Each structure stands twice: as structure tokens, then as C-alpha cells.
Amino acid sequence: MKHIVALLLLTPSLLFAELKVPHFFSDHMVLQRERAAAIWGKADAGSEVNVSFKGKSATTKAAADGKWRAEIETGAADAKGAVLTISAGTDKIEIQDVLVGEVWFASGQSNMYYTMNRSPEYAGLIAESNHPALRMFNAPLVTAEENQDDIDGSWKAATPETVADYSAVAFFFARKLHLELGVPVGVIKSAWGGKPVETFTSREALNTLPGTKALVDAMLKDESSFDQAKADAAYATKLEQWKATMAAAKGKADVDRKRLPKKPDAPKRPLLTEGRPGVLYAAMIHPFVGYTMRGAIWYQGEGNAKPGAVPYDQTLPLMINDWRKRWGDEFSFYYVQLASYHAPSTEPGTPDSWALCQDRMRRVLATTPKTGMAITNDVGEANDIHPKNKKDPGERLARWALAKDYGKELIYSGPLFKTSEAKDGAIRVTFDQAGEGLTSRDGGALKRFEIAGADKKWKWADAKIDGKDVVLVSSAEVKQPVAVRYAWAANPEGANLVNSDGLPASVFRTDDWDDVEIKVDASAAQAANERRAMGAEIRSIAAERAKHDRKSPEYQALNKKFQELMAKYKEGAPKK
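Residues numbered from 1 in each chain as written. Predicted model: local features only at pLDDT ≥ 70, side-chain atom pairs only at ≥ 80, totals over all residues. Heavy atoms only, no water.

Student: Explain the packing of helix H4 (residues 168-181) against helix H12 (residues 391-404) to me, using residue names and the numbers behind them.
Tutor: Two numbers describe how H4 lies on H12: the axes approach to 7 Å, and their chain directions differ by 45°. On the basis of their axis angle, the class for H4 and H12 is oblique. With respect to the hand of their crossing, H4 and H12 are arranged in right-handed fashion. Where H4 abuts H12, its residues Val169, Phe172, Phe173, Arg175, Lys176, Leu177, Glu180 and Leu181 lie against Lys391, Pro393, Gly394, Glu395, Leu397, Ala398, Arg399, Ala401 and Leu402. Taken together, the residues of the contact of H4 with H12 break down into 10 nonpolar, one polar and six charged. (Axes fitted to C-alpha atoms, helices over the stretch in contact; angles between N-to-C directions. Helix = DSSP H or I, 4+ residues; strand = E, 2+ residues; numbered from the N terminus. Parallel < 35°, antiparallel > 145°, perpendicular 65-115°, else oblique. Left-handed = near helix turned anticlockwise from the far one by under 90°. Contact = heavy atoms within 4.5 Å. Nonpolar A, V, L, I, M, F, W, Y, C, P; charged D, E, K, R; others polar.)

So, in C-alpha cells, the structure goes:
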């Protein structure tokens, strides 16, 4: 991008602000076709700003704070790069090689961040990837206390050199759209591994839901009591301990080294800590708000699939609606259901927070318009939360877009629970998205169906396909069944119900019983948090105490406080 800045021929007191735009308005970008694409930035207050592109132009005026925004008609898809020109007075920005096509936003945690080069089987595909009209903007990992207007990064076309660092899920999604639609596709990827949905949602939205407001309140409480000096002192102590441990392990055999500790992280203020509520929204989502696009894809949930978490069928719609409100656009939103993980369960009726989160994801389809879900319970790995297969999740997301956004006639999902009816000692379950007909993946009997009566005692069920879209579920051990579950496990090994396209059926349950969630002792969790905080304070005092002479008044005062806290810490130790 070429910035041509006017020479200042006026007196120093009459300096003008330089014309600026965020980093994602840059060379090789993709604009959404057949829409008025929003362009914005900063200029001198009150100055007239002109935006022109392919014979179209728009004019606006910079506000008192210098901010301006314009919309430019993009027309039909165009893979031939054009110049987008922005001018204000004698300042001019020329953005080169701008394409027109389909734009999508990709976000979430590690499985969206997961890059192509992490799966060895994609090496050949990377080497032959040459798609000049498929482009991605990769946002860096940054945090912020307040909403940001810009974020670093650049647009890169898909080549063997660049695809290796692409989000794998986003690449397979975009590649399928690009090949089937024959138009340019641009993806903005802004994701961070290991982070809960709450950190990608604005604090204003989080404050409207009791469960998430409690998370915000807890963070603000932590922020108010955060002492950088104490935190730094405690960190210095832990770092020295870690160095000593590593030094002692040097040269020893692996069997003697045992499991070495992870290097401690430098302390951060709660409002700048990436997993806390709203922090990543402020830094990594808000800068893009308003970028004209077709929709968003999302792969996250691992950070919320835990006992006691605010239900995901509340938190995900909260974020979706928050983003849509801020964009001023009811854009499509498609997400990946959690893949299988952990050792396979062997007993019916086993409480499982992972399966519960998967099912809550399924329920979002019915409560939140223009959403879609890629079912992936056939993709996961028992010992790896990051399955190497990213092609199926990405292309299954693309199926939703092709059907819902681009009018393609195709089966866009695996079988989804529709209705159930108990009759004659069995339960008749009807599915949507059966395609030409339900079947089993391996040609054998259907597995992983569970059934229970009013006593809530779950038994493995016999399940038989009855017609095109119905499964008849029963058990000789349950004479009067009232509820059915399918694939209710973090890793439902053997689950084999698919449709005619081979797409797997989603986990579901027909009951609303409370035996699905692992019970959490809130008081015990709070006590554990308080104990961790006390431990950090003890380490900080010990580090400060070590700086003074043992006979000094400062040492004596710190030592007294240290002894009092240690006594309290020992009293609160869990009983064996």
C-alpha cells in the first residue's frame, strides 16, 4: 500500500493528521461482492474524504475526532485486482490488487487457530496450493483493556509458501467455496487457542446474562486488587525456582527427570489477560466490526466444556447476537460441534460435560436464526484435543454456506434430531437431513443409542432404521420407555448413524433430566481459588522479605505477616 503524504508547507502550529486506515484495508484484500462495502479510517477533522473503486466513488467527511466511514459499491465478483483509492486533501492512499468476491470471518480457539503445517498429511496439498484468488488475513495474538480500532496483519494469497500458516479449518472451508463458486474468497482469521467464548464477547453483552455477568464481576474484583509489584515479586520467586529445578535436572536420564514444570508466565493485569471476559473481543474482534462480509465460521467450545460452566446454549447465542448487533448485520454464523475426545465410555447414562456441551451446541440451531453446525463426532482423537483431520470440519461448514447462502441443492448436515414419540414399548425418533435415507456407516447394527423409563435408569438400546428418516429405539429391559439419547459421550466409540452422504448424526437427548451434568461443589471451587490467591501472596511476601536484613524492622514486620498467612494456609489445607 502506498501512502503519499502531503508536504507540510504551513506553520508548525497548523499540522494536519495523516490519512490512515486499519491494517486490514491493505494490498491484496477482498471486498464482499454485490454489496456496499464499508471503508473507514482517520483524517484531519472536518476534511472531505473520497473513496473510489472501479469507477464507483463515495464521499464523506471526517468527524471532530477525525474518524470517517464510507460505503462503496463493489459490483459482481472479480478476480482481476483493482486499485482502491482513498484521498483527503492532498493525502492519498492507494490499495493495490483488491479483489471482489466472498468474505468470511473465522474465529475461535485452538482448533480454528490450528495451521495447515501441523497435519503431516497435508504436506502434498500445501505444496500444490496455488489459488491467487483465495486470500487470508491472519490477526496476531494481542490483548487490550479497551475496544481497539486497528490490529496488525496483512492479506496473503494462497501459495505453497503461505498456506502452511493458514488456519486449516478456514482454508478447507474457503477452498471448497472458491472451487465450487468460482469466485474470489477472502477470510479474516482472528483466533486464540485455549480461550472460552466469554473472552470473544463484549463485556456489555456479558453483563446482560447473570452467569456471564458473574464472570465479569469476578474479573473486575481481581483487577481492583491486582498489585503489579507483588505479582512481579511472586513471579521472580517462581522463575528462580523453575530455573533451579531445570538446572538440577540437566544431564539426568529422562526417567530421573520425571515431569519437569512449565516455565512460569509473567504476570498480567486481569484486564489484559487473554482468557478473561471481553479481553479478546476488545483486542481481536472489535477492530473488524463493520467489515462487510457474508458471515462467520467458528470452532470453539473446548474451553467451555467443563462442569459448572455457564451453559453454552446461552453463551454462544449471546456472542452471535452481540457480534450481529455491532456489525449491524444478521450475517450467517456456522460453527463446528466439538469432536470426540477422551477415552470411550462403556456404560449408558454416564454424566459427561463434553457431550452436554455438544448437545447444547445442537440446540443453538433452533434458538438462533441463520446458524449451522458441522457435526464431527467421527473426527476426533481420544488422546488429542486437536484432531489432525481439519478437512472434514472445514468442508462440512462449507456445505452449510453453499446451501444456505449460495442456493446450492445439497445435503448440508448430518442427521439432526427432529421429534420423538413413545409407542408400543419403543420410541420412534424422526430426523432431519436424512438425505436419500438413514443408514449405518459400517453396514452393521446401529450403536450408542440409550433408552430409559421413568426411573431414569439408562440401558443400551436396540435401534433399527424404519423408513427413510426414522429410527425405532427399544430395549427388553425397559418396558415403558420415555427418553432416548444418542452418542452421549465425549468419545461415543461405535456411533454409526449417518445419512446417504455419509455425514454423521449429532448427539441428542429427548429428556430434560438433571443427570447429564457432573455436579460441582461451588464452595469447594471458591475455597480452592482463595487458597491459590493466598499462596501467591505468601510467595510475594517471602520474596520481599528476602530483600531485608533479618534484624531489620522491615524484615520483622514482613515475617510476622508471612507466619500469620502460613498458619491460615495450613489450616485450610484439604483433609486427607
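Student: I'd like a description of the sheet that holds strand S15 (residues 416-423), backed by residues and values.
Tutor: Strands belonging to one sheet form pairs held by backbone hydrogen bonds; the direction of such a pair is parallel or antiparallel. Spatial ordering of the open sheet is given by S15-S16-S21-S20, a layout of four strands whose pairing is antiparallel. In this open sheet, the two edge strands, each paired with only one partner strand, are S15 and strand S20 (462-465). Pairs of neighbouring strands in the sheet enclose a mean axial angle of 25°, with direction left out of account. Taken together, the four bridges between S20 and strand S21 (residues 470-474) define a ladder with antiparallel strand orientation. The residue of S21 that forms the bridge with Ala463 is Val473. (Pairing = 2+ DSSP bridges.)

Student: Explain the pairing of strand S11 (residues 185-191) residue by residue, including any values.
Tutor: Of all seven residues in S11, seven are buried, a share of seventy percent or more. Where burial is concerned, the two faces of S11 agree: the one with Val185, Val187, Lys189 and Ala191 and the one with Gly186, Ile188 and Ser190 are both buried. Both strand S8 (residues 91-108) and S11 contribute to a ladder of seven bridges, which runs parallel. Of the residues in S11, the one forming a bridge with Phe105 is Ile188. (Buried < 20%, exposed > 50% of the residue type's maximum accessible area, 1.4 Å probe, protein only.)

Student: So what about the nonpolar core? Which residues, and what values?
Tutor: Grouped together as the largest cluster of nonpolar side chains are 72 residues, with contacts concentrated most on Trp68, Ile86, Tyr291, Trp298, Trp323 and Phe333. Once residues lying within four places of it in the same chain are set aside, the contact partners of Ile86 are Leu19, Val21, Ile39, Val49, Asn50, Val51, Trp68, Asp91, Lys92, Ile93 and Ile95. Counting residues in hydrophobic clusters, the runner-up holds 41 residues, among them Tyr114, Phe172, Ala191 and Tyr299. (Core = buried A, V, L, I, M, F, W, Y, C linked by side-chain atoms within 4.5 Å.)

Student: Account for the sheet that holds strand S18 (residues 449-452), with residues named and values stated.
Tutor: Taken in spatial order, the four strands make up an open sheet running S19-S18-S22-S24, and their pairing is antiparallel. Every interior strand has two partners, whereas the edge strands, strand S19 (459-460) and strand S24 (508-509), have only one. Here S18 runs beside S19; their pairing, made up of two bridges, is antiparallel. Bridging from a neighbouring strand, Ile451 pairs with Lys459 of S19.

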